[in-house]
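Residue-level listing of the chains:
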Amino acid sequence: MTENEEFIYESIFNQVRMGFLSIDEIKENIIEEIEDNEFEDEISEEWAFEKIDQEYQKLLLESKQWKTPTDTEKLINAFDQLCDENIIALHNAGYTTSDGEYEVVEVERELQENEVVSDGYCFYHEQDLARAIAIEDPSLYIAFQKVDNSDDETTINVGKKVAEVLRNNGFEINWNESSRTKIEIPGFRWQKIFDEDARDLQDYSEVVDRMIQ
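Residues numbered from 1 in each chain as written. Predicted model: local features only at pLDDT ≥ 70, side-chain atom pairs only at ≥ 80, totals over all residues. Heavy atoms only, no water.

- The name an unreviewed UniProt entry assigns to the protein chain is DUF6891 domain-containing protein, from the organism Flavobacterium johnsoniae.

Following this line, the structure appears as structure tokens:
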């Protein structure tokens, strides 16, 4: 593969493996990416679509060997429990930490409109997710904090709560109980296939509904 083909292939690999988009949506995204980077002369639609289909078939085949519950299923369960315990827990919240913090503030605003104030939040973003779909040494980092908080002890208490729920769901974690480091789940392997009938993990209104019950 050329350098440009490798660049597009990595994007295909990530989008298929993350499992948040349909194959049609991925094909639209990839064509847009090829055009935005002016790769049309080098990378054909046919090549891109063939790679998308190959990656999807590979993932389907691998999924037959997945042991349940998968790490992804355990994480969903952990995040649901955190929401039940008044901690905002968001899946795939934006592309960067600042994107995730923006999403959290939006959820907090909706909660406060319903007279609920969260005790803190946690999330992972797309760059974190890219590490969790890596073939070698996968891991997942979880950010945590409390909205409008600058007190280290409060931050650490949120981290302890998140760490406790993750451990209770069968995860080993790495965290030095510092307010300035994310919680790492080493060896975390993201295993998800897009299913249009499945729950949308990025529908944060579900988080709000869960927390105001």
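Next comes the rest of the write-up.
Considerations on helix H1 (residues 3-18)
(1) Moving on: Under the 1.5 Å per step criterion, the end-to-end length of H1 is 23 Å for 16 residues, consistent within 8% with the ideal 22 Å.
(2) Moving on: The complete set of buried residues in H1 reads Glu5, Ile8, Ser11, Ile12, Phe13, Asn14, Gln15, Val16, Arg17 and Met18.
(3) Moving on: Against the buried residues of H1 lie helix H2 (23-36), helix H3 (45-63) and helix H6 (126-132).
(4) Moving on: Looking one or two residues past H1, Gly19 carries a phi angle of roughly 75°, positive in sign. (Helix = DSSP H or I, 4+ residues; strand = E, 2+ residues; numbered from the N terminus. Expected span 1.5 Å × (residues − 1). Buried < 20%, exposed > 50% of the residue type's maximum accessible area, 1.4 Å probe, protein only. Contact = heavy atoms within 4.5 Å.)

Quick word on the nonpolar core
(1) Moving on: One finds Leu75, Ile142, Leu166 and Trp190 to be the most contacted residues of the largest nonpolar core, which totals 47 residues.
(2) Moving on: The element that contributes the greatest number of residues to this core is helix H4 (residues 71-84), accounting for 6 residues.
(3) Moving on: Taken domain by domain, this core gets at least three of its residues from each of domain 1 (3-64) and domain 2 (71-212).
(4) Moving on: When sequence neighbours within four positions are dropped, the list of residues in contact with Leu166 reads Leu75, Ala78, Ile142, Phe171, Ile173, Ile183 and Ile185.
(5) Moving on: With 13 residues, the next largest nonpolar core counts Ile31, Ile34, Phe39 and Ile52 among its residues. (Core = buried A, V, L, I, M, F, W, Y, C linked by side-chain atoms within 4.5 Å. Domains from an automatic or database assignment.)

Structural notes on the layout of surface pockets
(1) Moving on: Roughly 370 Å³ of volume is contained in the largest pocket.
(2) Moving on: Along the walls of the largest pocket sit 16 residues, with Asn14, Gln15, Met18, Tyr95 and Glu126 positioned nearest its centre.
(3) Moving on: Looking at the lining of the largest pocket, the elements with two or more residues in it are H1 and H6.
(4) Moving on: The element contributing the most residues to the lining of the largest pocket is H1, with 6 residues.
(5) Moving on: Each of domain 1 (3-64) and domain 2 (71-212) gives at least three residues to the lining of the largest pocket.
(6) Moving on: Volume-wise, the second largest pocket comes out at about 210 Å³.
(7) Moving on: Taken together, the residues of the lining of the second largest pocket sort by class into 5 nonpolar, 3 polar and 4 charged. (1 Å grid on protein atoms, 1.4 Å probe; cavity = no way out; pocket = protein on both sides within 12 Å on 5 of 7 lines; lining within 4 Å. Points joined across faces, edges and corners; volume = space filled by probe spheres on them. Nonpolar A, V, L, I, M, F, W, Y, C, P; charged D, E, K, R; others polar.)

A short note on the packing of aromatic side chains
(1) Moving on: Taken as a whole and assessed by the stated rule, the structure comprises 9 aromatic pairs.
(2) Moving on: The interplanar angle of 80° and the centroid separation of 5.3 Å between the aromatic rings of Phe144 and Trp175 together place this pair among those described as edge-to-face. Of the two residues, Phe144 sits in strand E3 (residues 139-145) while Trp175 sits in the loop between helix H7 (152-168) and strand E4 (183-186), which places them 31 residues apart along the sequence. With respect to burial, Phe144 and Trp175 carry one shared label: buried.
(3) Moving on: A network of ring pairs unites the aromatic residues Phe20, Phe79, Tyr124, Phe171, Phe188 and Trp190 as a single cluster.
(4) Moving on: The residue whose ring lies beneath Lys27 is Phe49, and the NZ or CZ to ring-centre distance is 5.0 Å.
(5) Moving on: Across from the ring centre of Phe20, 4.9 Å away, lies the NZ or CZ of Lys192, which sits over that ring. (Phe/Tyr/Trp six-rings, centres within 6.5 Å; stacked < 30°, edge-to-face > 60°. Lys NZ or Arg CZ within 6 Å of the ring centre and 35° of its normal.)

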